[in-house]
Amino acid sequence: MSTQIIDGKKIAELVRSEWRVRAEKLIQLDMKPGLAVIIVGDNAASAIYVRNKVKACSDIGIYSEVHSFPGNTDQNEILTCIQTLNNNPHIHGILVQLPLPAHFENNRIITSIAIEKDVDGFHFYNVGALVTGNTVFSPCTPYGVMVMLQRKQIHVEGQHAVVVGRSNIVGKPMALMLLEQGATVTICTSKTRNLPEFTKSADILVVATGRPRMITGEMVKSGAVVIDVGINRLADGTLCGDVDFASVNGVAGYLSPVPGGVGPMTITMLLCNTILAAERAHAGICVGYTR
Ligand code: NDP
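### A few points about the site of the ligand
Here comes step 1: Near the ligand there are 23 residues, and of these Arg166, Ser167, Thr189, Ser190 and Thr266 occur at the shortest range.
Here comes step 2: A distance of 3.4 Å separates a nitrogen atom of the ligand from a polar backbone atom of threonine 189.
Here comes step 3: In the model, a nitrogen atom of the ligand is placed 3.3 Å from a nitrogen or oxygen of the arginine 211 side chain.
Here comes step 4: Starting from 920 Å² of accessible surface for the ligand in isolation, the protein chains cover 72%.
Here comes step 5: Ranked by the residues each element gives to the shell around the ligand, the list is headed by helix α10 (residues 262–283), at 3 residues.
Here comes step 6: By residue class, the composition of the shell around the ligand is 9 nonpolar, 11 polar and 3 charged.

Written out as structure tokens, the structure reads:
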């Protein structure tokens with residue numbers, strides 16, 4: 001079986017070029033899209049992610065600002081910052097970089113973000129909207145996977161999609177989005193008995209476990225679409241996914257690599273959601289409920 005490697009970087013560039021046009025239109029209408037990123041503590045990986053987001057914003061025409069706080073900051077200070085950003089008309093998207101330090105109540109922080117500015121799609125209202133098929137913002141990583149499938153003209157309806165992982169930011173919304181598109185969805189977790197039985201029955205297999213190279217060639221059906229969400233840094237400093245690329249290459253019909261697969265799509269969808277939020281603000285479209 002010859003496997004087609006999905007070039008996430010190329011698809012991301014194409015999507016960004018389309019959305020850059022939308023950002024430019026808004027700028028002409030004096031509505032430059034704006035994203036605020038809040039980062040607490042000195043997690044090195046988070047700092048890199050934030051730097052990448054800021055650069056990506058500037059490349060596509062989004063104004064961005066970073067609010068950095070030391071790790072021992074009082075939660076109320078962050079809530080006050082979010083409140084100010086909620087009321088700032090130049091900011092259309094607000095993102096709190098996770099993970100937060102242990103003394104923070106994640107749910108309180110996330111639900112304090114205005115629904116119409118919650119470009120990560122993590123607010124409970126937006127999660128409920130996704131569940132009921134009334135999506136306000138699709139969470140960026142599964143959204144990126146869906147766009148990847150769509151751009152490769154991979155049909156989802158009627159396919160058996162297996163999602164390995166059930167986190168709130170990847171696995172669960174991924175399963176919901178596949179379900180919404182008409183897939184028959186199975187979710188596997190660390191508690192699943194006989195995982196290969198499930199993965200081998202997948203037409204579309206999405207893996208998000210944080211377990212380096214755990215899905216091997218013999219766990220995959222010949223010709224299946226395999227999307228590797230995992231990003232794992234190995235002891236030698238190199239990156240790898242949750243899929244064993246070497247053994248799955250040649251078995252799968254399509255395979256997304258790490259790096260260069262889902263990663264570039266995730267950040268692209270954040271940009272899209274921010275531009276979408278600015279478009280809604282410009283059009284006076286109200287999403288969510290009135291508080
Ligand atoms: P979490 O740790 O929050 O969730 C991992 C999930 O995988 C859990 O539901 C867990 O099951 C399940 N799991 C763990 N081990 C196994 C196993 N042996 N068999 C089956 N299921 C298993 O991780 P995230 O969802 O946040 O991230 C997953 C991966 O995706 C990570 O590598 C992360 O770095 C990457 N990632 C990549 C992004 C991108 O842009 N490409 C964005 C976000 C994350 P259980 O619930 O039972 O414990």
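### Quick look at the domain arrangement of the protein chain
Here comes step 1: The domain architecture assigned to the protein chain consists of domain 1 (27–124 + 267–281) and domain 2 (140–264).
Here comes step 2: Here the C-alpha centre of domain 2 lies 27 Å away from the C-alpha centre of domain 1.
Here comes step 3: Contact with domain 1, which involves 8 residues of that partner, is made by 7 residues of domain 2.
Here comes step 4: Between domain 1 and domain 2, a total of about 660 Å² is buried, with carbon and sulfur atoms accounting for 65% of that surface.
Here comes step 5: The interface formed by domain 1 and domain 2 holds 1 residue pair in polar contact (both at pLDDT 80 or more) in total.

### With respect to the sheet that holds strand β8 (residues 225–228)
Through backbone hydrogen bonds, the strands of a sheet pair up, either in parallel or in antiparallel fashion.
Here comes step 1: In spatial order, the strands read β1-β11-β8-β7-β5-β6; together these 6 strands make up an open sheet with parallel pairing. Since the sheet does not close on itself, it has two edges, and those belong to β1 (4–5) and β6 (184–188), each with one partner.
Here comes step 2: Two strands pair when backbone bridges link them, and β1 and strand β11 (residues 254–255) are joined in this way by 2 bridges, in the parallel orientation. Counted as the bridge partner of glutamine 4 is tyrosine 254 from β11.
Here comes step 3: The strands that helix α7 (residues 171–180) touches are β5 (160–164), β6 and β7 (204–207); relative to β5, the one it contacts most, it runs at about 170°.

### A short note on the packing of helix α1 (residues 8–28) against helix α6 (residues 140–151)
Here comes step 1: At a closest axis distance of 11 Å, the pairing of α1 and α6 adopts a crossing angle of 95°. Classified by the angle their axes make, α1 and α6 are roughly perpendicular. Across the interface between the two elements, Gly8, Ile11, Leu14, Val15 and Glu18 from α1 touch Val147, Met148 and Arg151 from α6.
Here comes step 2: The residue makeup of the contact of α1 with α6, split by class, is 5 nonpolar, 1 polar and 2 charged.

### Notes on the pattern of salt bridges
Here comes step 1: This structure, assessed with the given rule, holds 5 salt bridges.
Here comes step 2: As a salt-bridge pair, arginine 151 and glutamate 18 come within 2.9 Å of each other at their nearest N and O atoms. You can see arginine 151 sitting in helix α6 and its partner glutamate 18 sitting in helix α1, a full 133 residues away along the chain.
Here comes step 3: Look at glutamate 18 and you get partly exposed, because its relative accessible area is 34%.

### Considering the state of the cysteines
Here comes step 1: Counted according to the given criterion, the structure contains 0 disulfides.
Here comes step 2: Cysteine cysteine 140 shares no disulfide, and the gap to the nearest cysteine sulfur, in cysteine 272, comes to 8.7 Å.
Here comes step 3: Judged by its relative accessible area of 6%, cysteine 140 falls in the buried class.

### Some points on the nonpolar core
Here comes step 1: Among the nonpolar cores identified, the biggest contains 56 residues, and Leu35, Leu149, Leu178 and Ile227 are the most heavily contacted of them.
Here comes step 2: The element contributing the most residues to this core is α10, with 10 residues.
Here comes step 3: Per-domain counts for this core show at least three residues from each of domain 1 (27–124 + 267–281) and domain 2 (140–264).
Here comes step 4: Leave out the neighbours within four places in its chain, and isoleucine 227 touches Ile6, Val145, Met148, Leu149, Leu205, Val206, Val207, Ser256 and Val262.

### Observations regarding the packing of aromatic side chains
Here comes step 1: Evaluated as defined, the whole model comprises 0 aromatic pairs.
Here comes step 2: Over the ring of tryptophan 19 we find arginine 22, and its NZ or CZ is 3.8 Å from the ring centre.
Here comes step 3: Between arginine 280 and the ring centre of phenylalanine 137, over which it is positioned, the NZ or CZ distance is 4.9 Å.

The rules behind each value
- Residues numbered from 1 in each chain as written.
- Predicted model: local features only at pLDDT ≥ 70, side-chain atom pairs only at ≥ 80, totals over all residues.
- Heavy atoms only, no water.
- Near = heavy atom within 4 Å.
- Polar contact = N/O pair within 3.5 Å; in protein donor to acceptor, adjacent residues only side chain to side chain.
- Areas by Shrake-Rupley, 256 points an atom, 1.4 Å probe, with all protein chains shown as cover.
- Helix = DSSP H or I, 4+ residues; strand = E, 2+ residues; numbered from the N terminus.
- Nonpolar A, V, L, I, M, F, W, Y, C, P; charged D, E, K, R; others polar.
- Domains from an automatic or database assignment.
- Contact = heavy atoms within 4.5 Å.
- Buried area = accessible area lost by both parts, 1.4 Å probe.
- Pairing = 2+ DSSP bridges.
- Axes fitted to C-alpha atoms, helices over the stretch in contact; angles between N-to-C directions.
- Parallel < 35°, antiparallel > 145°, perpendicular 65-115°, else oblique.
- Salt bridge = Lys/Arg side-chain N within 4 Å of Asp/Glu carboxyl O.
- Buried < 20%, exposed > 50% of the residue type's maximum accessible area, 1.4 Å probe, protein only.
- Disulfide = S-S within 2.5 Å.
- Core = buried A, V, L, I, M, F, W, Y, C linked by side-chain atoms within 4.5 Å.
- Phe/Tyr/Trp six-rings, centres within 6.5 Å; stacked < 30°, edge-to-face > 60°.
- Lys NZ or Arg CZ within 6 Å of the ring centre and 35° of its normal.

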